[in-house]
Amino acid sequence: MNRFRLPILPLLVLTGVIVAVSWAARSSVSRAIPTNLPREMSLGNAIAEVDRKFDEEWSKFDLEPSALADDLTVFRRLSLALHGTIPSLEEIRRFESDDKPDRLTRWTLNRLRDRRFADYFAERLARSFVGTEDGQFVLYRRDRFVNWLSQRLRENEPYNEIVKRLIATDGLWTGDPATNFLTAAFSNDEFDEEKLASRTVRAFLGQSMDCAQCHDHPFDKWTQPQFQGLASFYGHTQLQFDGVRDFGFVDGEPLEYMIEDRETLEQKTISPAVPFGEEWLPAKGSRRDRLAAWITHAENRRFERAIVNRVWGLLFGRPLVQPVDDMPDPSDEPDLLDILGRDFREHNYDLRRLILTITSSKPFRLASTHSETEARRFWTHEEHSAVFPVTRLRPEQVIGSMLQAASVKTIDQQSNLLVRTVRFFREQDFVRDFGDAEGDELAERAGTVSQTLLRMNGNLPHELTKATPLSSVGRIAHSAGTNEECLDVLFLVCLTRRPTEAERTAMLAQLEGQYGNNRARAVEDLAWALLNCEEFSWNH
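Fair warning: this is a prediction, and the values are worked out from it, not measured in the lab.

Describing the packing of helix α6 (residues 115-130) against helix α7 (residues 142-154)
It is the contact of α6 with α7, at a shortest axis distance of 8 Å, that shows an interaxial angle of 125°. By the angle between their axes, α6 is oblique relative to α7. Where α6 crosses over α7, the handedness of that crossing is right-handed. For the pair α6 and α7, contact is made by Arg115, Ala118, Asp119, Phe121, Ala122, Glu123, Leu125, Ala126, Arg127, Phe129 and Val130 and by Arg142, Phe145, Val146, Leu149, Ser150, Leu153 and Arg154, respectively.

Take a look at the structure:
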């Protein structure tokens, strides 16, 4: 295989040495898999209702769903969706040794309790809450915001409580990181009430009202006064020496959200008002407290539908309703979002339960292949979730999977600090070069020639496929007893599956008669080929 190579980077060797030295000194953390789901997380009725809804839909459109995917394929989906990376060989071995029939559900719960889930999902949610820009460092700390959100997910705090804190928390952006949701919209020495109103309805209600900021929406029912009424809830928000606070008066003067009347050019005061569900708005409390209560009110279907749709998108690679921040009005007839939303609400807005329910339902367990050969019919199957959608991995999933494939051990919080630090900076560099989807990460996207060239010719893929003593490639090349075993393990490490007979026949020829360093170089070439194949960069 003809490809440009660079010498082994000393950093990789140094990293490996430090990992080996520090391994014994590291405190052990339980990696036990729950033997049963906790009683309070019993999902039977919820899953049955979701599956029944899909059965009705498939029958209505005369669709034959795909066969079930094999467990390793679903295990790979879970890892990509919840941790942003493929599973390690260490995890695959443990998963395969678990022979109980409900292992996928129990392993899903295990992955939800893993720190990697909280960190990864916190970043995904943060993109919709505050975007990806760093903002003013003095007043805005995105890193603290994401860490705070990760902590909330680790503690499994109810989602409605998280949202209330984002909207209504007072304090400093360093000591009370939830306030960064507000300071992200601070510029020119004042809060941008309209930016906050727009972000609030987009992120928490899945609703775009941006057009109504300047005029009545041309294609929807939203009016400019409705948008201004929402913006006014942030009209009392001020920045003081002790952080973000709400004040009714400043220097004896009333503090209000004001706009210029286009006809008279006079400033006029806008009172807080909501565009629907006035009866949900509390009469008392600060303006932001009242807005938070209205947004998260149990009868506000948009709130639960929006997060269900976003979580569905993060798990499948595409949401049920696109785009996630401009959803249509809920209909009178409850749909799948309502079914999942009601269960979410009735179980204390538990995000883990929501994810468990979705990933245990039929659509998530279906294969991504189908016997249908007519393209339009196939797309119809995909449109109605009768086949698992094949979606391109996001940049952080590509780099996360490449780094994990280079190690047979799981890279997580138990890994050496230097390993995690190197991974962090490599992710940052790779995502920057690969092209970050930023806040619009659930939109349809196509791969580019530059991205392919980066994976094929970049330094990182060559470093990761070097047969060093501590890399997966080196360990496989030197410890696999037979060429067949070598190929099996290599496929598991890179693609979370074993080779087909055709692949086995073709690739074993590369290993035949190779020994010592020659065998190591042959394994390097095979690993490079697997990391650059189309299958590696897709969720399927």
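Read on, since the account is not over.
Thoughts on unusual backbone geometry
Gln322 connects to Pro323 through a cis peptide bond whose omega is -5°. Considering the arrangement of structural elements, one finds Pro323 in the loop between α13 (301-316) and α14 (336-346).

Looking at the packing of helix α23 (residues 483-495) against helix α25 (residues 516-532)
Running from N to C, α23 and α25 cross one another at 35°; their axes reach a closest spacing of 10 Å. When you trace α23 past α25, the crossing you get is right-handed. Contact residues: Asn483, Cys486, Leu487, Leu490, Phe491, Cys494 and Leu495 in α23; Arg519, Val523, Leu526, Ala527, Leu530 and Leu531 in α25. Classifying every residue of the contact of α23 with α25 gives 11 nonpolar, 1 polar and 1 charged.

As for the pattern of salt bridges
By the definition in use, this model includes 40 salt bridges. Note that Lys362 is salt-bridged to Asp55, the shortest N-O span being 3.0 Å. Remark: Asp55 occurs in helix α2 (residues 44-60) and Lys362 occurs in helix α16 (residues 362-365); sequence separation between them is 307 residues. Asp55 sits in the partly exposed class, given a relative accessible area of 32%. In this structure, Glu96 engages Arg498 in a salt bridge whose closest nitrogen and oxygen atoms are separated by 3.0 Å. One end of the pair, Glu96, is in helix α4 (residues 89-97); the other, Arg498, is in the loop between α23 and α24 (501-511), and 402 residues separate them in sequence.

Let's talk about the pairing of strand β3 (residues 237-240)
On a regular strand, each side chain points to the face opposite its neighbour's, so the side chains alternate between the two faces of the sheet. As paired elements, β3 and strand β4 (residues 243-246) share 4 bridges and run antiparallel to each other. In the sheet register, Thr237 faces β4, and the bridge partner there is Asp246. Hairpin connection, β3 to β4: the antiparallel pair is bridged by 2 residues.

Considering empty space enclosed by the protein
Tallied over the full model, the rule gives 3 cavities of 30 Å³ or more. Considered as a void within the structure, the largest cavity measures approximately 70 Å³ in volume. Taken together, 13 residues form the lining of the largest cavity, with Gly317, Thr391, Arg394, Gln397 and Asn539 sitting closest to its centre. For the lining of the largest cavity, the leading source of residues is α13, giving 3 residues. Partitioning the lining of the largest cavity into residue classes produces 6 nonpolar, 4 polar and 3 charged. Empty space within the second largest cavity amounts to approximately 40 Å³. Forming the boundary of the second largest cavity are Leu205, Gly206, Gln207, Arg302, Arg305, Ala306, Met327, Pro328 and Pro330. Here the lining of the second largest cavity takes 3 residues from α13, the largest share from any one element. Of the residues belonging to the lining of the second largest cavity, the class tally is 5 nonpolar, 2 polar and 2 charged.

Regarding the nonpolar core
Counting residues in hydrophobic clusters, the biggest one holds 146 residues, and the most contacted among them are Phe129, Tyr159, Phe181, Phe204 and Trp294. Residues contacting Phe181, with those up to four places away along its chain left out, are Phe129, Val130, Phe145, Leu166, Ile167, Leu196, Arg199, Thr200, Phe204 and Tyr234.

Side note on the environment of Leu490
Of note, Leu490 is situated in helix α23. Owing to a relative accessible area of 1%, Leu490 belongs among the buried residues under this scheme. Considered as a pair, Leu490 and Ser472 are 18 residues apart in the sequence and their alpha carbons are 8.3 Å apart. When sequence neighbours within four positions are dropped, the list of residues in contact with Leu490 reads Ile476, Val523, Leu526, Ala527 and Leu530.

Section: the layout of surface pockets
By volume, the largest pocket is sized at about 1,400 Å³. Lining of the largest pocket is provided by 36 residues; of these, Asp119, Glu123, Phe424, Glu427 and Gln428 occupy positions nearest its centre. Residues that form the lining of the largest pocket fall into these classes: 8 nonpolar, 10 polar and 18 charged.

Notes on the side chain of Ser128
Note that Ser128 resides in helix α6. The class of Ser128 is buried, set by a relative accessible area of 14%. There is a polar contact of 2.8 Å between the side chain of Ser128 and the backbone oxygen of Leu125. For Ser128, the contacting residues outside a window of four places in its chain are Arg199, Ala203 and Arg310.

Focus on the confidence of the model for the protein chain
On average, residues of the protein chain carry a pLDDT of 88, and 92% of them reach 70 or more. No element of the protein chain has a lower mean pLDDT than helix α1 (residues 10-23), at 44, and none a higher one than helix α8 (residues 159-168), at 98. Low confidence marks residues 1-9, where pLDDT is under 50. Its contacts with residues over four positions away, or in another chain, come to 19 contacts. Within the model, pLDDT remains below 50 along residues 12-30, and this stretch shows 18 contacts once partners closer than five positions in the same chain are excluded.

Re the packing of aromatic side chains
For any pair of aromatic rings, geometry is given as the distance between the ring centres together with the angle between the planes. All told, the structure shown has 22 aromatic pairs when counted by the stated rule. Between the aromatic rings of Phe54 and Trp312, the centroid separation amounts to 6.0 Å while the plane-to-plane angle is 25°, which identifies the pairing as stacked. Linking Phe54 in helix α2 with Trp312 in helix α13, this pair joins segments that are 258 residues apart in sequence. Aromatic ring contacts, followed pair by pair, group Phe54, Trp58, Trp312, Phe316, Phe364 and Phe388 into a single cluster. When the ring centre of Phe388 is taken as origin, the NZ or CZ atom of Arg77, which lies over that ring, is 3.6 Å away.

Conventions used here
Residues numbered from 1 in each chain as written. Predicted model: local features only at pLDDT ≥ 70, side-chain atom pairs only at ≥ 80, totals over all residues. Heavy atoms only, no water. Axes fitted to C-alpha atoms, helices over the stretch in contact; angles between N-to-C directions. Helix = DSSP H or I, 4+ residues; strand = E, 2+ residues; numbered from the N terminus. Parallel < 35°, antiparallel > 145°, perpendicular 65-115°, else oblique. Left-handed = near helix turned anticlockwise from the far one by under 90°. Contact = heavy atoms within 4.5 Å. Nonpolar A, V, L, I, M, F, W, Y, C, P; charged D, E, K, R; others polar. Salt bridge = Lys/Arg side-chain N within 4 Å of Asp/Glu carboxyl O. Buried < 20%, exposed > 50% of the residue type's maximum accessible area, 1.4 Å probe, protein only. Pairing = 2+ DSSP bridges. 1 Å grid on protein atoms, 1.4 Å probe; cavity = no way out; pocket = protein on both sides within 12 Å on 5 of 7 lines; lining within 4 Å. Points joined across faces, edges and corners; volume = space filled by probe spheres on them. Core = buried A, V, L, I, M, F, W, Y, C linked by side-chain atoms within 4.5 Å. Polar contact = N/O pair within 3.5 Å; in protein donor to acceptor, adjacent residues only side chain to side chain. pLDDT = per-residue confidence, 0-100. Phe/Tyr/Trp six-rings, centres within 6.5 Å; stacked < 30°, edge-to-face > 60°. Lys NZ or Arg CZ within 6 Å of the ring centre and 35° of its normal.

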